[in-house]
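Observations on chain architecture
Letter by letter, the chains look like this.
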Amino acid sequence: MKAASKGIEVICALDTRTPARVRGDGDRLRQVVLNLLSNAIKFTQSGEVEVRSKLVSETATHHLLKVSVRDTGIGIPPDAQSKLFSRFSQVDS
């Protein structure tokens, strides 16, 4: 992956309570997490990128997981942040 060639440390921090298997759209989750990870690596020149999962809540039939990606990259300017979740929009290519 590009992270190694850039000397960026990639950290994967999984909550030990995260279930090994869950039911859901694995392809969509993989797509979103890999996109966030790719962007984090793209805009980080040095430092680290961290992918973290946390079990937020659980019942006998459901688990609510929070998955986040954090990096030490340049960040997104405040005036561009509102575009992040607009349909068919990209902050920087």
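Just above, that's the structure.
Heads up: these notes are all about the structure in this document. All figures in this text were calculated on a predicted structure; none of them were measured in a lab.

With that settled, the discussion passes to the sheet that holds strand E3 (residues 63–71). The three strands are arranged E1-E2-E3 in an open sheet whose pairing can be described as mixed. Both outer strands of the open sheet, strand E1 (9–14) and E3, are each paired with one neighbouring strand and no more. Pairwise comparison of adjacent strand axes, ignoring direction, gives a mean angle of 15° for this sheet. As judged from the nine bridges shared by strand E2 (residues 48–58) and E3, these two strands associate in the antiparallel manner. Pairing of Lys54 across the sheet is with Lys66, part of E3.

Let's shift gears to the side chain of Asp15. Structurally, the position occupied by Asp15 is in the loop between E1 and helix H2 (26–42). Residues in contact with Asp15, not counting those within four places in the same chain, are Ser53, Lys54 and Leu55.

A few words now on the pattern of salt bridges. Between side chains of opposite charge, pairing is possible as soon as their charged atoms come close. The full count for this structure, using the stated rule, is five salt bridges. In this structure, Arg52 engages Glu50 in a salt bridge whose closest nitrogen and oxygen atoms are separated by 2.9 Å. Given a relative accessible area of 38%, Arg52 falls into the partly exposed group. For Glu50, the salt bridge identified is with Arg70, shortest N-O distance 3.3 Å. Of this pair, Glu50 sits in strand E2 while Arg70 is found in strand E3, placing the two residues 20 residues apart along the sequence. Residue Glu50 is classed as buried on the basis of its relative accessible area, which comes to 10%. On the basis of relative accessible area, Arg70 is assigned to the partly exposed category, the value being 36%. Beyond isolated ion pairs, a larger network of salt bridges with shared partners links Glu48, Glu50, Arg52 and Arg70.

How each quantity is defined
Residues numbered from 1 in each chain as written. Predicted model: local features only at pLDDT ≥ 70, side-chain atom pairs only at ≥ 80, totals over all residues. Heavy atoms only, no water. Pairing = 2+ DSSP bridges. Helix = DSSP H or I, 4+ residues; strand = E, 2+ residues; numbered from the N terminus. Axes fitted to C-alpha atoms, helices over the stretch in contact; angles between N-to-C directions. Contact = heavy atoms within 4.5 Å. Salt bridge = Lys/Arg side-chain N within 4 Å of Asp/Glu carboxyl O. Buried < 20%, exposed > 50% of the residue type's maximum accessible area, 1.4 Å probe, protein only.

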